[in-house]
Amino acid sequence: MENKKPLIALTPYHNIEKDEPYMRPAYLKAVRTAGGLPVILPLETTPEELKQLADTFDAFLFTGGPDIHPFHFGEETQYHCGNVSAKRDHLELALLDLAVKAKKPVLGICRGIQLLNIGLGGDIYQDLPSQFSEDFPIAHAQPFYYNIPSHTVVIAPGSLLAQISGKDKIQVNSMHHQAVRRLAPGLVASGHAPHGLIECVEYPDYPSFFLGVQWHPEYLWEQDEAAMGIFEAFIKAAQN
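Colleague: Would you take a moment to explain helix H3 (residues 86-101) for this structure?
Modeller: In an α-helix, one turn spans 3.6 residues, which is why side chains three or four residues apart end up on the same side. With 16 residues, H3 extends 23 Å from end C-alpha to end C-alpha; this agrees with the ideal 22 Å at 1.5 Å per step. Tucked into the core, H3 has its buried residues touching strand S2 (13-15), helix H2 (47-56), strand S5 (59-62), strand S6 (106-109), helix H4 (111-119) and strand S13 (210-213). Lys-103 occupies a position one or two residues after H3 and carries a positive phi of about 60°.

Shown next, in the form of structure tokens:
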């Protein structure tokens, strides 16, 4: 019997104006190339349906998207905070809780790393230009297309990201104005931008794969081994 590919759940994007879920194909292509079978989750579910989804899928990918409502990490809305999707916030925070309790592999990308940190008890900068001071401001919202890297990330020795990449520094793309600030209990920072901003988080005591990255490896994997390695390690964990 042919080996079945692991089922990878992807949290949907949300066109807030039209109230329509959608997905960027770059995620689907990266997951399929790494050996997984990607499935886009519904935006709205009952608690019973969400529990069934958490039990059914082998791993969970929390995708990029809009800002997370600051009430979820105990803050007022900062002046430069962007639009939010209440439906996505509700879906993803509830799903993360179930996925972690089930000890399933978890990967968070861009908004995803922020969601992982908030869901486990940390917080974020609501707006980097006004809250994170840099003598030489890094282009965290890069001026060119996503398949071109814009800054470097220094990797912590011995970390999961170091094992995946085999390097102590990688080049990444960047398209965000929020980022991890105070780490959630249990999480560690394993990658930093040149001026110290957290770009990667891991959960060392987690029994499976748990990684959040601030950049978008789904746009880099075709020419970057470290980006491809993230998806391959994620899918490998989903097969176990």
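Colleague: Help me understand the pattern of salt bridges in this model?
Modeller: Oppositely charged side chains can pair when the atoms bearing their charge come close. Taken as a whole and assessed by the stated rule, the structure comprises 11 salt bridges. For Asp-55, the salt bridge is made with Lys-51, and the minimal N-O distance between the two is 2.8 Å. With Asp-55 and Lys-51 both in helix H2 and 4 residues apart, the pair spans about one turn of that helix. Residue class for Asp-55 comes out partly exposed when judged on its relative accessible area of 46%. Shared partners join several salt bridges into a network, and the residues in it are Glu-75, Asp-123, Arg-181 and Arg-182.

Colleague: Looking at this model, I keep getting lost on the sheet that holds strand S8 (residues 151-155). Mind explaining?
Modeller: Strand order in this open sheet of 9 strands is S4-S1-S5-S6-S13-S12-S11-S8-S9, and the pairing throughout is mixed. Strands at the two margins of the open sheet, each flanked by one partner only, are strand S4 (37-40) and strand S9 (169-172). Going across the sheet, the axis of each strand differs from the next one's by a mean of 25°, ignoring polarity. With 4 bridges joining them, S6 and S13 adopt parallel strand pairing. Counted as the bridge partner of Leu-107 is Leu-211 from S13. Sheet contacts for H4: S5, S6, strand S12 (198-202) and S13; angle to S6, the most-contacted strand, approximately 120°. Across the face of the sheet, helix H7 (residues 225-239) comes into contact with strand S1 (7-10), S5, S6, S9 and S13 while running at roughly 150° to S6.

Colleague: What exactly am I supposed to notice about the packing of aromatic side chains here?
Modeller: For any pair of aromatic rings, geometry is given as the distance between the ring centres together with the angle between the planes. This structure, assessed with the given rule, holds 11 aromatic pairs. Residues Tyr-146 and Tyr-219 carry aromatic rings whose centres are separated by 5.0 Å and whose planes lie at 65° to one another, so their mutual orientation is edge-to-face. Of this pair, Tyr-146 sits in the loop between helix H5 (128-131) and S8 while Tyr-219 sits in the loop between S13 and H7, and the two are 73 residues apart along the sequence. Both rings, one in Tyr-206 and one in Phe-210, keep their centres 5.2 Å apart while their planes meet at 65°; by these two values the pair is edge-to-face. Neither Tyr-206 nor Phe-210 differs from the other in exposure class; each is buried. Through a chain of ring-to-ring contacts, three or more aromatic side chains come together here, namely Tyr-13, Tyr-22 and Tyr-27. A cation over an aromatic ring shows up here: Arg-181 above the ring of Tyr-125, its NZ or CZ 5.6 Å from the ring centre.

Thresholds applied
Residues numbered from 1 in each chain as written. Predicted model: local features only at pLDDT ≥ 70, side-chain atom pairs only at ≥ 80, totals over all residues. Heavy atoms only, no water. Helix = DSSP H or I, 4+ residues; strand = E, 2+ residues; numbered from the N terminus. Expected span 1.5 Å × (residues − 1). Contact = heavy atoms within 4.5 Å. Salt bridge = Lys/Arg side-chain N within 4 Å of Asp/Glu carboxyl O. Buried < 20%, exposed > 50% of the residue type's maximum accessible area, 1.4 Å probe, protein only. Pairing = 2+ DSSP bridges. Axes fitted to C-alpha atoms, helices over the stretch in contact; angles between N-to-C directions. Phe/Tyr/Trp six-rings, centres within 6.5 Å; stacked < 30°, edge-to-face > 60°. Lys NZ or Arg CZ within 6 Å of the ring centre and 35° of its normal.

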